[in-house]
Structure formats: structure tokens, C-alpha cells
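In case you want the letters, here they are:
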Amino acid sequence: MKQTDYLIFGSGVAGLTFAIKIATHFPNKNVTIITKSNEEESNTKYAQGGIAVVLNQIEDNFQKHINDTLICGDGLCKKEVVEMVVKEGPKCVQELIGWGAQFDKNETGSFDLGKEGGHSNHRVIHHKDQTGFEIERAILKQAHLQKNITILDFHFGLELILENNKCIGATVLNEKNNEISTVFANQTLLATGGIGQIYGHTTNPEVATGDGIAMAIRAKANVKDMEFIQFHPTALYNPELKSTFLISEAVRGFGAILRDKNGKRFMLDYDERGELASRDIVSQSIEKELKNSGEDCIYLDCTHLEINAFKKHFPMIYERCKDFNIFIEKDWIPVIPAQHYLCGGIEVDTYGKTSIENLFACGECSYTGLHGANRLASNSLLEALVYSDRIFEYLKINSKFSFENKLHYNDINQEKNQFDVVDDYSEIRTKLQSLMQQNVGIVRNNNDLNETLKKLLILQNDMKILESKNHISKELYELKNMIDVSILIVNQSILRTENFGNFYKV
Ligand code: SIN
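Residues numbered from 1 in each chain as written. Predicted model: local features only at pLDDT ≥ 70, side-chain atom pairs only at ≥ 80, totals over all residues. Heavy atoms only, no water.

Let us look at the overall build of the protein chain. When its secondary structure is counted, the protein chain shows 14 helices and 16 strands. Over its C-alpha trace the protein chain gives a radius of gyration of 22 Å, about what one expects of a compact globule, namely 23 Å for 506 residues. Taking the principal axes of the C-alpha coordinates as reference, the protein chain spans close to 70 × 50 × 40 Å. The burial tally for the protein chain puts 60% of its 506 residues in the buried class. For the protein chain, contacts bridging at least 24 residues in sequence account for 76% of all contacts bridging at least 6. Per element, the accessible surface of the protein chain, about 20000 Å² overall, is 49% carbon and sulfur. (Helix = DSSP H or I, 4+ residues; strand = E, 2+ residues; numbered from the N terminus. Rg over C-alpha atoms; globule rule 2.2 N^0.38 Å. Buried < 20%, exposed > 50% of the residue type's maximum accessible area, 1.4 Å probe, protein only. Contact = heavy atoms within 4.5 Å. Areas by Shrake-Rupley, 256 points an atom, 1.4 Å probe, with all protein chains shown as cover.)

What follows is the structure, encoded as C-alpha cells:
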């Protein structure tokens, strides 16, 4: 049994920036970060594009960024949240730069701003095509400087512990020795990122199994807008690849063109912004093209672009394509849409507070109202930075430090973990992924959704049986979480009767 003042699940940009701020402000208080893999493994690390932010108001301005976000969100954004995030963003980005994160500059010394779908201006600061990697590097370094931050890697959050709708901590599995312990906390933050693995075909890393959202669902927190799943239009098409590789939208911002196999540039038939229409429109258009043609993929043509400049901006994409024998200067890149981002999540107010007292959520696992029905490209790191700052500002004043009434809890499930390990859940996981991929993708319908729901409820029941017989492991819990999250996505998809943004039901 452990106690900590601040308990954080997730070591991406949301969890780490909050940790750094609160630990600096309260040097005598403990901050514990639980992360299920190694400490740098998170959705953040894989963000290629960058951070959308208005750093100078000469060519760009807040109002344009606000309008682009609202248009992209297709009428479902919370306007006050959009205004707040856009206006508070620059301060948070400057802080990140102060912590050592480096962003590309042009010859004049100003930021080299990229452009992505749905943006009316160049406004995306980036570090080549590895922005997330650079941010994670810088903030981890800062976190290590704080003596009162403990990062427990290879630890997995199982369940939140509640007392009278107040979160007082969580149960945590130590993956290295299989021990389950109770961690009491004054304040708990869920910053566990996305859900991509429930689809299998996703740009998200292996760790994206919706763990924080599932914990929140089981704790009965409000979880909203789960039907709004963003599909990125251009993931590298290679049926043999287990994990999908993203071809950043910034490549289209740089001038790449989408073509069908005959070379036809089709995006202008769907939207006058062509390849730089918002992601919902581009993905839905590709889906239609593929359905009509019966082909497996479409192509991204970069052959007309200046190759040295391309390599300078997108070194990782260039090299990765080369590994697959795709030479960008002469070959078109085969691409298809893949699950990329969840616009909904654990509902929070403007200070990141959930419907459960002392429980906060930040980053992709949260629903703030910024993204509405479709997230504007590169707005997610911005949202995580602004909300982790707002949670910090709130807790700077409102933190309560008391562990009273909590010590009667015994460590739970210790005996349970004596069972033999039967750790192969891959069959159920694959079944879940193909169900979600086939029936809960870019275009949905109620018949398939209802059938999927029935099958998911059976899987959920199978998991209960497995859980009662098996040793608690990360693999078991991930699958349980993925099923719980999938059920909510399907239920909320059935309930939604009107199409907006990336939700399209026929
Ligand atoms: C990309 O680089 O295309 C992804 C950026 C984002 O999802 O915001």
C-alpha cells in the first residue's frame, strides 16, 4: 500500500507537463507517474505533424485559428473552449520551448510553420517529422530533474478507488513481479492517451488501448462523444505491416497529391480545398473511391516535390518508405485511412475536472469540447498543453492534502494473483479488432452496430470468466479495457442519429 499526493496515469505530454508543474510548485509533495511500458512510450512520441499555434499575429491571428477549429469540428465544438485553448496555447508552447523542446526554424530565424488539412494558414510548429519524439525527450528530461517525481514504469493501472464519488487512488499492477498494490492519492490524473489498438489498423502505438477511459467507465464517470473516431487519410498501405506507419498530413501541406491508381487527382471532386480539406472529408472521400474502384489503396504522389527539401522536412518518412522499396522521388506512396484519434473521452470542465471529485483527465483520453465532431490537425498537443496547465492552476490553489479515512483499505487481489498464468488473449483481441474495423469504421450502419454490440457483450462476458480463472496481467486488463471502450463507442454510435464530422452513419 502506497500513498502519493498526485497520482498520474500516463507519461505522454499531458501527464508529464502536469507532473513537472505541480512538482515544481510543491517541492515537498510527491508526484507518482504510472506508465505501463517504458517511460517514453506514449501516443505523444509518435506525433509527426506538430503543434498548431499562433505565435505571431502578423500573417495569422487567433480568430483564424478559432474559425478553422470550429469549421473542422462541424458545429459540435464548445466555442468558449476553442477560444480559450487557442489564446492560452502560445504561453504553454513558450514554456515547452523553455524546457528545451526544439522546433524547426527557417533561414530568417523564425519558426518554419507547416500547414495541414483544415488550416487556413501555415501555423504548425514542428521538429522535422518527429515532433512528438522531440517533445517527449525534452519533457522527460525536465521530469527527471524533479526529485519529487517518481516514474513507475511497467506498472499498469487497474481500477480507480472511489469513496462517495470521490477518487482516493487506484489499484496498480507491477508488471515485473505481478504484485497488485493500492496507491492512495489526494488527486488523480488520467492521461492515458488513445484507443487505436481496438481497431488494429491504427497509427497509434501498441500502448493505445484506452486504459484510462475504461477505468473511468467502470468508475461511472461521464464519458462522452466516443462515436467520433478520427481516421487519418494517409497511413502507409502494406498488408504485411503489423503496426501502421503514418505519412504525415504535413506531406500534403508540402504539396503532395492524392491519386487513384490511374493517376486521377480525385480530391478536388469532393472539396475545393483538395488534399487539404479536413481529415473527415478526405478519409470519407478515399473510402468512397476505394468502394467504387474495388482497389485496396490510393496513392500519395510526391514525385513533383523538390526531393532535398522533402528529405530535410521528412527524413523519417523518406527512410521508412525506402525500407519498403518506395523511393519517394519516383514512386507514389500507397496509402489508406487508418484509425488515428479519438475526439470524445472522459468529460471534463475547463479545469480538467471529471464528474468524479479529485479525478482529472487530460489529453486524448479526455473530452473537453475542443474538437467537436472532428479534430483540426495538430490541435491535440496544444489541447494537452493548455489543459495540463489549467489543471495545475486549479490544483495550485485547491489541492487538499489529507489521507484520513483511507487506511482501512487492504491490498486487494493479492491472493487472486496466485493463479497460473494463461496469458494468450490474442485470439479474442484479433476478433475484437476485426469487428471494430469492419463495422465501426468510417461508414457505419445500425444493423452492423447492433450485431457488433451483441458480439462485444459476449466477448465482455468471456473476459469475466477468464478474469475469474486467470492471473491478472497487463494483457488481460488491456483486452478487458478495449472491450469496455468498444462497447461504449458502439452504444454511442447507435444513439447518434445525425451525421457530423467524422461520424457517418447510413
Ligand atoms: C500528422 O502528422 O498527420 C498527424 C498530426 C495530427 O494528428 O495532428
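Where helix 1 (residues 13-25) contacts helix 11 (residues 380-398), the axes come no closer than 9 Å and their chain directions differ by 30 degrees. Judged by the inter-axis angle, helix 1 sits roughly parallel to helix 11. Judged by the sense of rotation from one axis to the other, the crossing of helix 1 with helix 11 is right-handed. Counted together, Val13, Ala14, Thr17, Phe18, Lys21, Ile22 and His25 of helix 1 and Leu381, Ala384, Leu385, Ser388, Asp389, Ile391, Phe392, Leu395 and Lys396 of helix 11 form the full contact between these two elements. (Axes fitted to C-alpha atoms, helices over the stretch in contact; angles between N-to-C directions. Parallel < 35°, antiparallel > 145°, perpendicular 65-115°, else oblique. Left-handed = near helix turned anticlockwise from the far one by under 90°.)

Attention now goes to the side chain of Thr202. By the secondary structure assignment, Thr202 is in the loop between strand 8 (179-190) and helix 5 (211-218). If near-sequence neighbours (up to four positions away) are discounted, Thr202 is found in contact with Gly196, Gln197, Thr244, Ala338 and Gln339.

The next subject is the nonpolar core. In this structure, Ile51, Leu190 and Ile489 are the most contacted members of the largest nonpolar core, which totals 111 residues. Ala256, Met267, Leu300 and Leu305 belong to the second-largest nonpolar core, a separate cluster that totals 29 residues. (Core = buried A, V, L, I, M, F, W, Y, C linked by side-chain atoms within 4.5 Å.)

Moving on, we come to the site of the ligand. Around the ligand sit Gln48, Gly49, Glu116, His232, Leu246, Ser248, Glu249, Arg279, His340, Arg375, Ala377 and Ser378, and that is every residue in its neighbourhood. The separation between an oxygen atom of the ligand and a polar main-chain atom of Glu249 is 2.6 Å. Arg279 is positioned with one of its side-chain polar atoms (N or O) 2.9 Å from an oxygen atom of the ligand. Protein chains shield 94% of the accessible area of the ligand, which is 260 Å² for the free molecule. Here the shell around the ligand is built from residues that sort into two nonpolar, six polar and four charged. (Near = heavy atom within 4 Å. Polar contact = N/O pair within 3.5 Å; in protein donor to acceptor, adjacent residues only side chain to side chain. Nonpolar A, V, L, I, M, F, W, Y, C, P; charged D, E, K, R; others polar.)

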